[in-house]
Each structure stands twice: as C-alpha cells, then as structure tokens.
Amino acid sequence: MPDSGAILVTGATGNLGPHALTHLLATGRRVRALVLPGDPRADRVPAGVEVVHGDLARPETVEPALVDVDGVLLMWPFFTLRVDTVPAVLDLISEHARRIAFVSSIGVHIGLEARDNNCHSYLESMIEKTDLEWTFLQTTGFASNARGLAEQIRGDGVVRFPYGAAARSSVHEGDVAEVAARALTTPGHAGARYVTTGPETLTQAQQVAIIGEVIGRELRWEDVPASVAREQMIAQGWPPSYADGALDYFAQLVQESELVTTAVHDVLGRPPRTFREWAVENADAFR
Ligand SMILES: NC(=O)c1ccc[n+]([C@@H]2O[C@H](COP(=O)([O-])OP(=O)(O)OC[C@H]3O[C@@H](n4cnc5c(N)ncnc54)[C@H](OP(=O)(O)O)[C@@H]3O)[C@@H](O)[C@H]2O)c1
C-alpha cells in the first residue's frame, strides 16, 4: 500500500507533539493534529497542519480525524486519562491506518510498569494484538520534565525534591519526536522497541546546576523526604501508584544510573541532544 494518506498526531499540543508535527511536515506528508475542543494550547500546532478536534476519552469523536490516515503517532495522556477507551480507540485506528508509533516508557523495558500496572505496558500489549505495523518509543523521562521545577527556580532558586543524586538519562523530547516521525514515514521500523534516552546520565542535582549555569544564577538542590514529595505529587494530580512508582525508581537511580542507549543515534544517524542543549533552548522558562 503506498504511503499517501495523512499522519495523525495525538497529544499534539503537549511537550512532544509540536516537535513531531514539525518533523512530519518536513517530510512533505499531510499532517493532522488531534486537538481537544477548547484546548488553550492549540496555538502550539504549526501552520500547515490540519487541526481536527477530538477527545480520546470519547472514541466516537476521534473517528473524523482518522479519515484518510495512513499512520498515527499515539500518545496516551497517562495522568489524566483512564485506559477504558483504549480498545475502542485502537479498533478505530486499525480500521483506518496501517502504521502506529506509540510513545511508551522505559518503565516497560525495565519491568517497572508491569509492577505498577501503569498504562504504557497495557497500551503496548493492546497494540500488539492489532494488525497495525507498530513501533514503540520506550522513552526515558523527557528533559521538559524540568519545567516542573521552574517555579522553584524562578523563586528562591532552591529546588526541594527527593533523590538529588538519582542519575537520569533524560531525553530531549524533540529527539523522541524525530524518531517517531522517522518510524512513521520510512520503512524498517515495524516491530521495533526503541529505548530512547539522552546521551549521558546526569543526577537531578546536576541538571539543576546546568540550568543555573545557562541562566546565570546559582541554584541549589535540597533533598526532602520522599513522603513530602509524594503528597505534593498527589495534590498535583498524580495517581498515588504513579507517584510511588516514580519515587521508588528515583531511589533506585541513586544506587544505579539509568540506562543510556544508542537508539536515537541508530535511527537518526546523529547523537541525541544533551540536557544542556535543551536548557539553552528553553532558558526563558526558568528566568
Ligand atoms: N514526560 C515524560 O517524561 C514521559 C516519559 C515517558 C512517556 N511519556 C509519554 O509521552 C506522552 C507525551 O508526553 P508530553 O509530556 O508531551 O505530554 P503533555 O505535555 O502532558 O501533553 C499531553 C497531550 O495530550 C492531550 N490530551 C489530554 N487529554 C486528552 C484527551 N482526552 N484526548 C486527546 N488529547 C488529550 C493534551 O492536550 P491539552 O493541551 O488540552 O492538555 C496534550 O496535547 C505522555 O502522555 C506519556 O504517555 C512521557
């Protein structure tokens, strides 16, 4: 079947989505964004992308976005959306499309998510049951997660969170997006599970220090007990099992650094971008 249809991107207005839209547009393919009705971030969708409104929580609203679609970049907003509608959404995608790339998590690769019963492992198992040509991006934490520290950084410059010594291989979300775009538009990626990471590990405290160097301010990390952060995470909308899973994982990364892979380089033919490069691009968020 020729690759003549459009590519649909869900999660189009989030951290990763706009990067994916830009990379897909550059291939010359028709690109469509699924956007929640009334989304205040709809202006993050670049010009040239067709916007179709739909809600993954109401599968019947997603079907119009799938007309004449060949490939789908699926993101499941895992904090805010339950998985009840996954089977119906995947049925619709299978009816229309041939390829799917799913933004999953390194947690599946290392067996963490099976324990916590989080959504990515479930989504992967359901996608595997379809006839779609699938590619999974089992990604480590996005560099953009550092935006969650921006308020503290802009305030007194002291980041209070547990496990400053946890060594993470955070990945530039734009790199994950580019790998996904490649998987949807070039042959050879069906059945691949790409564990996408950054080029190196940095402790959480080192990441904050780098942001400080980039914005010209001395920032400080202050470890607080995990129980304090857990309360804050739950207050911010994290389901308790996700908060526990994340905090246990950070504790583990104090003992053993997070995995670093060559997946981004293997697919894109260039090394993944560093956390410092991400911080330079996003410095204004911390000023
Ligand atoms: N962040 C990480 O470290 C990380 C690590 C591993 C995997 N992932 C996966 O990557 C995905 C993308 O991450 P991100 O940071 O780009 O996410 P994000 O910034 O939170 O963006 C989520 C996107 O989903 C949209 N959305 C929310 N509810 C929806 C619904 N019911 N129907 C349709 N769209 C809906 C949001 O629209 P609004 O703009 O209206 O909210 C937004 O565009 C995550 O969902 C997660 O599964 C992330």
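Everything numeric in this text was worked out from a predicted model, so none of it was measured.

**Q** Mind showing me how you'd approach the environment of D266 here?
**A** Tracing the sequence through the fold places D266 in helix α12 (residues 263-268). Taking relative accessible area as the criterion, D266 reaches 57% and is therefore assigned exposed. Sequence-wise, D266 and V179 are 87 residues apart; in three dimensions their C-alpha atoms are separated by 9.6 Å.

**Q** Explain the sheet that holds strand β5 (residues 99-105) here, please?
**A** Through backbone hydrogen bonds, the strands of a sheet pair up, either in parallel or in antiparallel fashion. Across the sheet, which stays open at both edges, the 7 strands sit in the order β3-β2-β1-β4-β5-β6-β9 with parallel pairing between neighbours. Bordering the open sheet on either side are β3 (50-53) and β9 (192-194), each of which pairs with just one other strand. Averaged over all neighbouring strand pairs, the angle between strand axes comes to 20 degrees, with direction disregarded. Sheet topology note: the strand β1 (residues 6-9)/strand β2 (residues 31-35) ladder contains 3 bridges and is parallel. Paired with L8 across the bridge in β2 is R32. Each of β1, β2 and β4 (69-74) touches helix α1 (residues 17-26); the most contacted strand, β2, lies at about 165 degrees to it. Together, β4, β5, β6 (133-139) and β9 form the strand contacts of helix α6 (residues 119-128), whose direction differs from that of β5 by roughly 160 degrees.

**Q** Is there a simple way to explain the packing of α1 against helix α8 (residues 173-185) in this structure?
**A** Each packed pair of helices is defined by two parameters, the angle between the axes and the distance between the axes. At their nearest, the axes of α1 and α8 sit 8 Å apart, and the two run at 40 degrees to each other. The angle between the axes of α1 and α8 places the two elements in the oblique class. Crossing of α1 over α8 shows right-handed handedness. Contact residues: H19, A20, H23 and L24 in α1; E173, G174, A177, E178, A181 and T185 in α8.

**Q** How should the site of the ligand be read in this particular structure?
**A** Contacts to the ligand come from 25 residues, most closely from T13, D55, W76, H120 and N145. W76 is positioned with one of its backbone polar atoms (N or O) 2.8 Å from an oxygen atom of the ligand. Measuring from an oxygen atom of the ligand, one finds a side-chain N or O atom of N145 at 2.8 Å. In isolation the ligand has 910 Å² of accessible area, and contact with the protein removes 83% of it. Per-class residue counts for the shell around the ligand are 12 nonpolar, 10 polar and 3 charged.

**Q** Explain the side chain of S105 here, please?
**A** Within the secondary structure layout, S105 lies in strand β5. From its side chain, S105 meets the backbone nitrogen of G107 in a polar contact 2.9 Å long.

**Q** Help me understand unusual backbone geometry, please; the structure alone is not making it clear to me.
**A** Residues apart from glycine generally show negative phi values, whereas peptide bonds are mostly found in trans. A positive phi is found at D68, a non-glycine position, where the angle reads about 65 degrees. For D68, the position within the fold is in the loop between α2 (63-66) and β4. Exposure remark for D68: the relative accessible area of 44% places this residue in the partly exposed category. Even without glycine at this site, Y163 takes up a positive phi of about 60 degrees. With relative accessibility at 25%, the residue Y163 sits in the partly exposed group.

**Q** Where do I start with the nonpolar core in this structure?
**A** Proteins that are soluble and globular tend to have nonpolar side chains buried together. In this structure, I153, F161, I211, M233, F275, W278 and F286 are the most contacted members of the largest nonpolar core, which totals 32 residues. Broken down by secondary-structure element, the contributors of at least two residues to this core are α7 (150-154), α9 (204-215), α10 (226-235), α11 (240-255) and α13 (275-281). The element contributing the most residues to this core is α11, with 6 residues. Filtering out sequence-adjacent residues up to four positions away, F286 remains in contact with A146, R147, A150, I153, R154, I211, I215 and W278. Listed in part, the 31 residues of the second largest apolar core include L24, V171, V179 and A181.

**Q** Just to check I follow, could you spell out the environment of A143 for this structure?
**A** By secondary structure assignment, the location of A143 is in the loop between β6 and α7. With sequence-adjacent residues up to four places away left out, A143 is seen in contact with S170, V171, H172, E173, F275 and W278.

**Q** How should I be thinking about the packing of aromatic side chains in this particular structure?
**A** Remark: the centre distance and the inter-plane angle together describe each pair of aromatic rings, the angle taken between the planes. Enumeration according to the criterion identifies 6 aromatic pairs in this entry. A ring pair is formed by F161 and W221, whose centres lie 6.5 Å apart and whose planes are at 85 degrees; its orientation type is edge-to-face. Separated by 60 residues along the polypeptide, F161 in the loop between β7 (158-160) and β8 (167-168) and W221 in strand β11 (residues 220-222) bring together distant segments of the chain. Judged by relative accessible area, F161 falls into the buried class, the value being 15%. Ring centres of F161 and F250 lie 6.1 Å apart, and the angle between their planes is 65 degrees; this geometry places the pair in the edge-to-face category. Taken together, the residues F161 in the loop between β7 and β8 and F250 in helix α11 connect sequence positions 89 residues apart.

What counts as what
- Chains are numbered independently. Their residues run from 1 in the order of the written sequence.
- It should be noted that, the model being predicted, local features are given only for residues of pLDDT at least 70 and side-chain atom pairs only at 80 or more, the latter also being counted only at that level, while totals for whole chains, interfaces and linings use all residues.
- Think of the side-chain values as coming from all heavy atoms in the structure, minus any hydrogens and water.
- Under the DSSP-based scheme used, a helix requires at least four consecutive residues in state H or I and a strand at least two consecutive residues in state E, with every element numbered from the N terminus.
- Buried means the residue's accessible area, taken with a 1.4 Å probe over protein chains only, is under 20% of the maximum for its type, while exposed means over 50%, and partly exposed covers the values in between.
- In this analysis, strands are considered paired if DSSP registers two or more bridges between them.
- Note on method: axes are straight lines fitted to C-alpha atoms, helices fitted across the in-contact stretch only, with angles between N-to-C directions ranging 0 to 180 degrees.
- The contact criterion used throughout is that any non-hydrogen atoms of two residues lie within 4.5 Å.
- In this scheme, roughly parallel covers angles under 35 degrees and roughly antiparallel covers those over 145, while 65 to 115 is roughly perpendicular and the rest are oblique.
- Crossing handedness is defined as follows: a turn of the near helix away from the far one that is anticlockwise and smaller than a right angle gives a left-handed crossing, while the clockwise case is right-handed.
- Whether a residue is near a molecule or strand depends on its heavy atoms: if one lies within 4 Å, it is near.
- In protein, a polar contact requires one atom able to donate a hydrogen and another able to accept it; more generally it is a pair of N or O atoms within 3.5 Å, and residues adjacent in sequence count only if both atoms are side-chain atoms.
- Accessible surface is estimated by sampling points in the Shrake-Rupley manner with a 1.4 Å probe; for residues, cover comes only from the protein chains shown.
- Amino acids are sorted into nonpolar (Ala, Val, Leu, Ile, Met, Phe, Trp, Tyr, Cys and Pro), charged (Asp, Glu, Lys and Arg) and polar (every other residue, Gly among them).
- The definition of a nonpolar core used throughout is a set of buried Ala, Val, Leu, Ile, Met, Phe, Trp, Tyr and Cys residues joined through side-chain atoms within 4.5 Å.
- Any two rings among Phe, Tyr and Trp, with Trp reduced to its six-membered ring, count as a pair given centres within 6.5 Å; such a pair is stacked if its planes are under 30 degrees apart, edge-to-face if over 60, and tilted if neither.

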